Amino acid sequence: MKLANQEIIIMNRISNSIMLFCITALVSSCSGYYAYQRAQEQYRDGNFQEAYASVEEAKKHDPENVQYRVSSTIIKNSTSLDFQNKIKERLNLKDYVEADRLIAQGLQFNPNDDALLLLKKQTINERSAQQYLAQATNLFQSKGIEASSEILALVKKILDLQPSLDQAILLRNQVQDAKQRASDPDSILAQLLNTPVTMTVDNLPIRNILSKIATQLSLNIYYDKDLRESPLTPFSVKDLPAKSALTLLLTANGLSYQPLNANSIIIYQNNPTKHKQYQRSMIRAFYLNYAEANLVAGYLRSLLRVNDVVVDVRLNMVVLRDSIQVIRIADKLIELLDIADPEVLLEVEILEVKKQSILNLGIQWPTQIGLTPMLRGGAPLTLNNIDGIGAKDLRVGLSTSAINFLKQDSDTNILSNPKIRVINNEKAKILIGDKVPVITTTVNPTGGSVSESVSYLDVGLKLEVKPTIQQNADVEIVISLEVSSIVKQITSANGTSSYQIGTRDASTTLRLKNNETEILAGLISDQEISNANKIPGFGDIPILGRLFGSNNNDKTRTEIVLSITPRILRAIDRKTLLDTQFPTGTDNDLSAFESYLDSLILSK
């Protein structure tokens, strides 16, 4: 009696524990659901940090819930993107104090956020660069080219921190141009020819008009020996730069001029022969950082009709020999071509969820009965003594029987989180899996020799991406995703092995904003296998048929979820119209570009 009471007490305890477990699981499931709903509302309202805390609470209650995990990833990325946008807004306003505060807050939320760590480094670099820029600008305004060495040293520090800072590049060009103009005879002459002149004459020979201009400017003018006398010419200008006045006068009379030194020019007939005679040539080597030398040389030949151009592939250098004007235009053109390729960091998260349910229920009856003759005395069985075999001389053998009551559920999650940095318009490939060897046997029909070769198949998860960064910071990504596995191994008659490969693949093109996350799902594989072993007839009886057979159901569901986030590390260097458009004059007269350069330098 006492033993029976103890058994009742133990059974009650077990029952109470099971009930408590069920209640706890039910409460936890409901708590997770309500936390998830709260996270969705907070996310819609733009409260990303609160939403992330709520969805993490939901995950604690149900860690294997795929919906909670995917939502957590989306909200986490949205929170990071919100921080990034606020930080960039502060950086544009040069508000580094507030930017530092936001970065600290963001890294407290996610200490391993690569984008925020990059922004932290960018903020430090920008603050230092702005300090150096202020020092260099003050020096240039107060001392000019006398402090050129100090200014250029500061500019170098700035460009080491921010290679594409336009203000620093402009200041460097201003200092270098000012230094060149201070010592270059052509630059000194350009300043002299920028002096305004006023003159009105009626029907004078062109040499007389030029003499009047030379007198006003203290300019020496020489004439080519083959220059013929020109007809009488009326001429009137008022407060016009001398260079423009000369150009108007000479062009109207089919003439041109070439600088000789700081205060001398020579006048000659405007034709190709005289241009070639007076044109001063220069050799210039252009070392390229990003553009291909052959491509740049093609641009120079097509646009500037340059013939004397040599490419050094080893140094990625272009050497050019032409007039000073052409060299300067080439310099401007190469500045536009030699820019760094944009780069993007692709953060990829791949989740493979596999759910398997196995149900094996019923009675496995014997499937066969075997009879083995047993002769007395160990005599062999022959046709003569077979008629003497009776029931006592037969041994009966039954196959295995069993009672099956198995139910098994399993969930498998395979997660990978690769990050890959890609140059614009280049392909990148990620393979997470195995290389399966395949042996091929070749028989030589003449000599009878046999040779074997090994090739490899990529089996697993293969992702190929090709990003294209647009001018507006959008990223277009061509994605190809393939998931493969070995279904079975096939062995041929001669022993050679091959494999049957199961494959799921998807290809698409996305257009995402910088730091925007996109989720791709739907690569689902459902497999259901049902086996039944039952006694014919009896096993088909409804309900009672379970007693005369065994049923085995195996359900497997696999789903691939892919999330991808592009983070632009180097955007396209967009130039202004002032940089991308400039005059080049005519084939015989490039003075329009010279005037353009002079106007830029003198306006600084």
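Overview of the structure. Just so it is clear, the model here is predicted, and its values are computed rather than measured.

## With respect to the sheet that holds strand S8 (residues 317-323)
Consideration 1: The antiparallel open sheet is built from three strands, whose spatial order is S6-S8-S7. Bordering the open sheet on either side are strand S6 (281-287) and strand S7 (309-312), each of which pairs with just one other strand. Each neighbouring strand pair of the sheet contributes to a mean axis angle of 15 degrees, computed without reference to strand direction.
Consideration 2: Strands in contact with helix H12 (residues 293-304) are S7 and S8; relative to S8, the strand with the most contacts, it is inclined by about 20 degrees.
Consideration 3: Most of the contacts of helix H13 (residues 324-337) go to S8, to which it runs at about 145 degrees, and overall it touches S6 and S8.

## Considering the pattern of salt bridges
Where charged atoms of side chains with opposite charge meet at close range, the side chains can pair.
Consideration 1: Summed over the entire model, instances satisfying the criterion amount to 20 salt bridges.
Consideration 2: As a salt-bridge pair, Lys 225 and Asp 226 come within 3.4 Å of each other at their nearest N and O atoms.
Consideration 3: For Asp 474, the salt bridge goes to Lys 513, with nearest N and O atoms at 4.0 Å. Of this pair, Asp 474 sits in strand S16 (residues 474-491) while Lys 513 is found in strand S17 (residues 497-513), placing the two residues 39 residues apart along the sequence.
Consideration 4: Judged by relative accessible area, Asp 474 falls into the buried class, the value being 11%.
Consideration 5: Taken together, the shared-partner salt bridges connect Asp 224, Lys 225, Asp 226 and Lys 274 into one network.

## Description of the sheet that holds strand S5 (residues 264-269)
Consideration 1: Read from one edge to the other, the open sheet built from three strands follows the order S2-S5-S4, with strand pairing classed as mixed. A strand with exactly one partner marks an edge of an open sheet, and here the two such strands are strand S2 (220-223) and strand S4 (255-261). Recorded for the sheet is a direction-independent mean angle of 30 degrees between the axes of neighbouring strands.
Consideration 2: When S2 meets S5, the two strands line up parallel, connected through four bridges. Directly across from Asn 220, in S5, lies its bridge partner Ser 264.

## Re the packing of aromatic side chains
Consideration 1: A complete count under the given rule lists one aromatic pair for this structure.
Consideration 2: With a centroid separation of 4.9 Å and an interplanar angle of 20 degrees, the aromatic rings of Tyr 268 and Tyr 278 are classed as stacked. In this pair, Tyr 268 sits in strand S5 while Tyr 278 sits in helix H11 (residues 272-278), placing the two residues 10 residues apart along the sequence. Here Tyr 268 and Tyr 278 have matching classes, each one buried.
Consideration 3: One Lys or Arg, Arg 207, reaches over the ring of Tyr 223 and ends 4.5 Å from the middle of that ring.

## A closer look at the nonpolar core
Consideration 1: Within the largest apolar cluster, 25 residues are counted, with the highest numbers of intra-cluster contacts made by Leu 193, Leu 210, Leu 219, Phe 235, Ile 265 and Ile 267.
Consideration 2: With six residues, helix H9 (residues 206-217) is the single largest residue contributor to this core.
Consideration 3: Residue contacts for Phe 235: discarding those within four places in its chain leaves Met 199, Thr 200, Val 201, Ile 209, Ile 213, Ala 245 and Leu 249.

## Remarks on the side chain of Thr 468
Consideration 1: Relative to the assigned elements, Thr 468 resides in strand S15 (residues 450-469).
Consideration 2: A polar contact is formed between the side chain of Thr 468 and the side chain of Asn 425, at a distance of 2.8 Å.

Reading the values: the criteria
- Residues numbered from 1 in each chain as written.
- Predicted model: local features only at pLDDT ≥ 70, side-chain atom pairs only at ≥ 80, totals over all residues.
- Heavy atoms only, no water.
- Pairing = 2+ DSSP bridges.
- Helix = DSSP H or I, 4+ residues; strand = E, 2+ residues; numbered from the N terminus.
- Axes fitted to C-alpha atoms, helices over the stretch in contact; angles between N-to-C directions.
- Contact = heavy atoms within 4.5 Å.
- Salt bridge = Lys/Arg side-chain N within 4 Å of Asp/Glu carboxyl O.
- Buried < 20%, exposed > 50% of the residue type's maximum accessible area, 1.4 Å probe, protein only.
- Phe/Tyr/Trp six-rings, centres within 6.5 Å; stacked < 30°, edge-to-face > 60°.
- Lys NZ or Arg CZ within 6 Å of the ring centre and 35° of its normal.
- Core = buried A, V, L, I, M, F, W, Y, C linked by side-chain atoms within 4.5 Å.
- Polar contact = N/O pair within 3.5 Å; in protein donor to acceptor, adjacent residues only side chain to side chain.

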